[in-house]
Amino acid sequence: MMAGICGIFSQGDCAKDLVLGTHYLQHRAQDYCGLILKGGEKTTGGTHKGIVKQQFSVDNLYGNYGIGAVSGERQPLSELSRAGGFVTCFDGNIMESDKLKDRLLKSGVSFSGYYDLNEIKDIALLSKIISSEAEFERGIERLLAEIKGDFAVISLKEGKIYAARGWGRKPLILGRKNGSYIVSSESTSFENTGFEIVRDVEPGEVVCINGEGIQTVGNLNIQSPKYCTFEWIYTAYPTSIIDGVSVSEVRKNMGRILAKNYHVDADIVSPVPNSGRWHAIGYSEESGIPYEEVFVRFDYSDRSYTPGEQSARDKEAKTKLIPVKSSIKGKRIVIVDDSIVRGTQMLNRVEELRRHGALEVHARIACPPLMHACMYGKTTKKDEDCIAQRISIEEIRKTLALDSLEFATVRDLEEATTFSREKLCLECWN
Ligand code: SF4
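What counts as what
- Residues numbered from 1 in each chain as written.
- Predicted model: local features only at pLDDT ≥ 70, side-chain atom pairs only at ≥ 80, totals over all residues.
- Near = placed C-beta within 6 Å.
- Nonpolar A, V, L, I, M, F, W, Y, C, P; charged D, E, K, R; others polar.
- Pairing = 2+ DSSP bridges.
- Helix = DSSP H or I, 4+ residues; strand = E, 2+ residues; numbered from the N terminus.
- Axes fitted to C-alpha atoms, helices over the stretch in contact; angles between N-to-C directions.
- Contact = placed C-beta atoms within 7 Å.
- Core = buried A, V, L, I, M, F, W, Y, C linked by C-beta atoms within 7 Å.
- Buried ≥ 20, exposed ≤ 12 C-beta atoms within 10 Å, placed from the backbone.
- Parallel < 35°, antiparallel > 145°, perpendicular 65-115°, else oblique.
- Left-handed = near helix turned anticlockwise from the far one by under 90°.
- Domains from an automatic or database assignment.

A look at the site of the ligand
Moving on, step 1. Taken together, Arg169, Cys228, Thr229, Phe230, Cys374, Tyr376, Lys378, Cys425, Glu427 and Cys428 make up the full set of residues adjacent to the ligand.
Moving on, step 2. Grouping the amino acids of the shell around the ligand by side-chain chemistry returns six nonpolar, one polar and three charged.

Below you can see the structure in the form of structure tokens.
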């Protein structure tokens, strides 16, 4: 499950910063949002279906510390146990969650408020495991031992906020301003709230944030941590810096690499907006071919990647881009996109370009052919959805009616991100 999570501990009321910090993660999920604030006369906030901007007003929120989430399921979730009361939100995925539910139930754990086992979501499993230990850091240790998958988690306890990162595929970053501290899935939460980056939470690290600052309270020995390569290529916001590397720079690097390795004579380079934009800028800079957008993304569309149902995603993807006819007619066009899953969106785009008079259409793709669904909750596609599972690159080119088609390689991903393949999760492609 994709989510964006944020937590703030502040000297004064942090409601406005928490609403904004969580709002700026909205690209990660749009189904549910939730905020919980403490430190005032009473706890304020709650969870809602929909997006932060429409569901929360700072007028009804108060507290000097709190956590927030945008997510595919309802969170944060509160739990009362021998560890005390705490409220948790997480970004991640638990594989084989049915087996885990079974194990937990057999070991005596009970879940209330559910009529059906299927209703028990990952956040409830994660919360039960963490709260089974008296100390948060021991709970994270148990989580790492008990689950398959990956996670980043933020928990609010009386007078403090805990944050932890699993094996590294889920980003989590720390910031500060004037005695206030923030932890968020992405540093894009910091820009318009005035926070500065302190550092990333390391894979396996548990931190505690309170009035005294940020302290590491646990460092679990993670063998071969992995960063999600797709965060830089597609998922994260271009203004974010993840594990010390700028997302927009990685995308431009990848565009430059594609231009060097797969040059083609053309009149314009255009992205499939918005996600292909920075890759296309890099391609244009390196090749000298002018950058011009042949599709405009309609501002009121959702991100087609995140709606839960395939039919909703297809509908959204089909209507979100509007062609700029005057930029297309009579041109040889290089289209740059982040990835190809089924190929249906690219086919629609190519057909539109040809219909509006494009002379040639070439595609350059910023990652290798996708072969697998993400097991860590980043995408909703299935293995069998991936066109590259069934046919060769040349057959994909013919199916999509392209004049040429080239994909980046794993080596290009290493060069663009500056990380060696040992540190990158490449399971989408391997
Ligand atoms: S499988 Fe792909 S999307 Fe999932 S964590 Fe790995 S690189 Fe990221």
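This is not the end of the story, as more comes after the structure.
Brief notes about the sheet that holds strand E17 (residues 268-271)
Picture the strands of a sheet paired through backbone hydrogen bonds; they go either parallel or antiparallel.
Moving on, step 1. With parallel pairing, four strands are arranged side by side in an open sheet as E17-E20-E21-E22. Lying at the two open borders of the sheet, with one neighbouring strand each, are E17 and strand E22 (404-407). Between one strand axis and the next, the sheet turns through 20° on average, direction left out of account.
Moving on, step 2. Summarising the sheet, strand E21 (residues 360-365) and E22 pair through four bridges and their orientation is parallel. The partner of Arg364 across the bridge, within E22, is Glu406.
Moving on, step 3. The strands that helix H9 (residues 277-287) touches are E17, strand E20 (332-337) and E21; relative to E17, the one it contacts most, it runs at about 165°.

A look at the nonpolar core
Moving on, step 1. Core analysis: the largest hydrophobic core is formed by 66 residues, its most contacted members being Phe90, Leu126, Ile161, Ala163, Val183 and Ile209.
Moving on, step 2. Among the elements that make up this core, the one with the highest residue count is helix H4 (residues 122-131) (six residues).
Moving on, step 3. Among the nonpolar cores identified, the runner-up in size contains 57 residues, and Val269, Val334, Ile335 and Leu413 belong to it.

A short note on the packing of helix H8 (residues 247-261) against H9
To describe two helices that pack against each other, one gives the angle between their axes and the distance between the axes.
Moving on, step 1. Here H8 crosses H9 at 45°, and the two axes come no closer than 6 Å. Taken together, the axes of H8 and H9 are oblique relative to one another. Seen along the crossing, H8 lies across H9 with a hand that is right-handed. The residues of H9 that touch H8, namely those facing Ser248, Arg251, Lys252, Asn253, Met254, Gly255, Arg256, Leu258, Ala259 and Lys260, are Trp278, His279, Ala280, Ile281, Gly282, Tyr283, Glu285, Glu286 and Ser287.
Moving on, step 2. Classifying every residue of the contact of H8 with H9 by side-chain character gives seven nonpolar, six polar and six charged.

Some remarks on H4
Moving on, step 1. Across the ten residues of H4, ten count as buried, placing the element largely inside the fold.
Moving on, step 2. Every buried residue belonging to H4 is among Asp122, Ile123, Ala124, Leu125, Leu126, Ser127, Lys128, Ile129, Ile130 and Ser131, and all of these are buried.

Some thoughts on unusual backbone geometry
Moving on, step 1. Of the consecutive residues Gln75 and Pro76, the connecting peptide bond is found in the cis state with omega at 10°.
Moving on, step 2. Structurally, the position occupied by Pro76 is in the loop between strand E4 (65-71) and strand E5 (77-81).
Moving on, step 3. Cis geometry marks the peptide bond from Pro273 to Asn274; its omega dihedral reads -5°.
Moving on, step 4. As for its placement among the helices and strands, Asn274 is situated in the loop between E17 and H9.
Moving on, step 5. A positive phi angle is found at Ala401, which is not glycine, with a value near 55°.
Moving on, step 6. Topologically, Ala401 is positioned in the loop between helix H13 (393-399) and E22.

Looking at the environment of Asp102
Moving on, step 1. Turning to its location among the elements, Asp102 is positioned in helix H3 (residues 97-106).
Moving on, step 2. Asp102 gets classed as exposed once you count the C-beta atoms within 10 Å, which come to 12.
Moving on, step 3. For the pair formed by Asp102 and Leu117, sequence separation is 15 residues and the distance between their alpha carbons is 9.3 Å.

Examining the sheet that holds strand E13 (residues 213-219)
Moving on, step 1. Taken in spatial order, the six strands of this open sheet run E5-E6-E7-E8-E12-E13, and their pairing is antiparallel. What marks the edges here is a single partner per strand, and that holds for E5 and E13. The sheet shows a mean angle of 25° between the axes of neighbouring strands, taken without regard to direction.
Moving on, step 2. As paired elements, strand E8 (residues 160-165) and strand E12 (residues 205-210) share four bridges and run antiparallel to each other.

A look at the domain arrangement of the protein chain
Put simply, an interface is often sized by how much accessible area is lost when its parts join up.
Moving on, step 1. The assigned domain composition of the protein chain is domain 1 (3-225) and domain 2 (245-425).
Moving on, step 2. Contacts between domain 1 and domain 2 engage twelve residues on the former and nine residues on the latter.
Moving on, step 3. Listed by contribution, the elements that provide at least two residues to the side of domain 1 that touches domain 2 are strand E6 (84-95) and strand E7 (148-157).
Moving on, step 4. It is E6 that provides the largest number of residues to the side of domain 1 that touches domain 2, a total of three residues.
Moving on, step 5. Here the side of domain 1 that touches domain 2 is built from residues that sort into two nonpolar, seven polar and three charged.

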